[in-house]
Amino acid sequence: MGTDCVIRIEPQEKEVTGKEGETVLEALMREFYGREGRTGFYGCRRGGCGACKMQVVSGEVNHDSTYSRAALTDEERTRGYILACRSRLQTNIVIRIPKRKSRLGRYRIFDLDQHESHQSVGGVDNG
Ligand code: FES
């Protein structure tokens, strides 16, 4: 593992420090998993389910080519989406984590909004 890489999460404006070469998911889980007794994340962690899909707004990751195209389409890749479990940090990055609905709801990643309940920035709250 190399130097520190900062992961900035928008719009919540949270920052997590990871290590170059570590997956984005490993860094995020270290920060959020189990906080306040809640399970922060569960998913396949091998590119199969799409639970860790998020968008890189800026910065670079090394995205492994081994993952399910059902979990992340080529079109999504061109729009900057990644699977965090398949992406190794190379630089500081800025990410956006989409909200989950429907049958993948059980794969909720990070309850960031619960930490920021006073701050509703452009999000759609469907209850
Ligand atoms: S955790 Fe399943 S694709 Fe990343």
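Residues numbered from 1 in each chain as written. Predicted model: local features only at pLDDT ≥ 70, side-chain atom pairs only at ≥ 80, totals over all residues.

Visitor: Teacher, can you tell me more about helix H1 (residues 24-32) here?
Guide: The α-helix advances 3.6 residues per turn, and as a result positions three or four apart in sequence lie on the same side. Taken residue by residue, H1 has Val24, Leu25, Ala27, Leu28, Met29 and Phe32 as its buried positions. At its buried positions, H1 is contacted by strand S1 (4-10), strand S2 (14-19), strand S4 (61-63) and strand S6 (87-89). (Buried ≥ 20, exposed ≤ 12 C-beta atoms within 10 Å, placed from the backbone. Helix = DSSP H or I, 4+ residues; strand = E, 2+ residues; numbered from the N terminus. Contact = placed C-beta atoms within 7 Å.)

Visitor: I'm lost on the nonpolar core in this one. Help?
Guide: A general tendency of soluble globular proteins is for nonpolar side chains to be buried together. Among the nonpolar cores identified, the biggest contains 23 residues, and Ile7, Val24, Leu28 and Ala84 are the most heavily contacted of them. Secondary-structure elements contributing two or more residues to this core are S1, H1, strand S3 (53-58), strand S5 (81-83) and strand S7 (93-96). Residue contributions to this core peak at 6 residues, all from H1. (Core = buried A, V, L, I, M, F, W, Y, C linked by C-beta atoms within 7 Å.)

Visitor: For this particular structure, what's the right way to read unusual backbone geometry?
Guide: Most peptide bonds take the trans form, and the phi angle of most residues other than glycine is negative. A cis amide bond links Glu10 to the next residue, Pro11, at an omega of 0 degrees. Residue position: Pro11 is located in the loop between S1 and S2.

Visitor: Before we go on, may I ask you to explain the pairing of S3 in this structure?
Guide: Two faces make up the sheet, and in a regular strand the side chains alternate between them. Here S3 runs beside S5; their pairing, made up of 3 bridges, is antiparallel. Note that in S5 the partner of Lys53 across the bridge is Leu83. Where S3 lies against S7, 3 bridges are found, and the strand directions are antiparallel. Looking at S7, one finds that Gln55 is bridged to Arg96. (Pairing = 2+ DSSP bridges.)

Visitor: Even after reading the chapter, I still don't get the pairing of S1, so can you show me in this structure?
Guide: Going residue by residue along S1, you find Cys5, Ile7 and Ile9 tucked away on one face and Asp4, Val6, Arg8 and Glu10 left uncovered on the opposite face. Pairing of S1 with S2, which is carried by 6 bridges, proceeds in the antiparallel orientation. Paired with Ile7 across the bridge in S2 is Val16. In this antiparallel pair of consecutive strands, S1 and S2, the connection spans 3 residues, and Glu13 shows a positive phi of 60 degrees. Two strands pair when backbone bridges link them, and S1 and S7 are joined in this way by 4 bridges, in the parallel orientation. Across the sheet, residue Glu10 finds its bridge partner in S7, namely Arg96.

Visitor: Explanation requested: the confidence of the model for the chain in the structure shown.
Guide: It should be kept in mind that the predicted coordinates are not to be read in detail where pLDDT is low. Residue-level pLDDT values for the chain average 79, and 69% of them are 70 or greater. In the model of the chain, helix H3 (residues 112-115) stands out as the element of lowest mean pLDDT, 52, in contrast to S6, which has the highest, 98. When the criterion is pLDDT under 50, residues 102-109 qualifies, and its contacts beyond four places in sequence or with other chains add up to 13 contacts. Between residues 115-127, whose pLDDT stays under 50, and residues either more than four places distant or in other chains, the model counts 4 contacts. (pLDDT = per-residue confidence, 0-100.)

Visitor: Could you clarify how one ought to interpret the sheet that holds S7 in this entry?
Guide: One open sheet holds the 5 strands; their spatial order is S2-S1-S7-S3-S5, and the pairing between them is mixed. The open sheet has two free edges, formed respectively by S2 and S5, since each of these has just one partner strand. Averaged over all pairs of adjacent strands, the angle between their axes in this sheet comes to 40 degrees, without regard to strand direction. The sheet strands contacting H1 are S1 and S2, and the helix crosses S2 at an angle near 125 degrees. (Axes fitted to C-alpha atoms, helices over the stretch in contact; angles between N-to-C directions.)

Visitor: Explanation requested: the environment of Cys52 in the structure shown.
Guide: Looking at where Cys52 falls in the secondary structure, it is placed in the loop between H1 and S3. In this structure the C-alpha to C-alpha distance between Cys52 and Cys85, which are 33 residues apart in sequence, comes to 6.6 Å.

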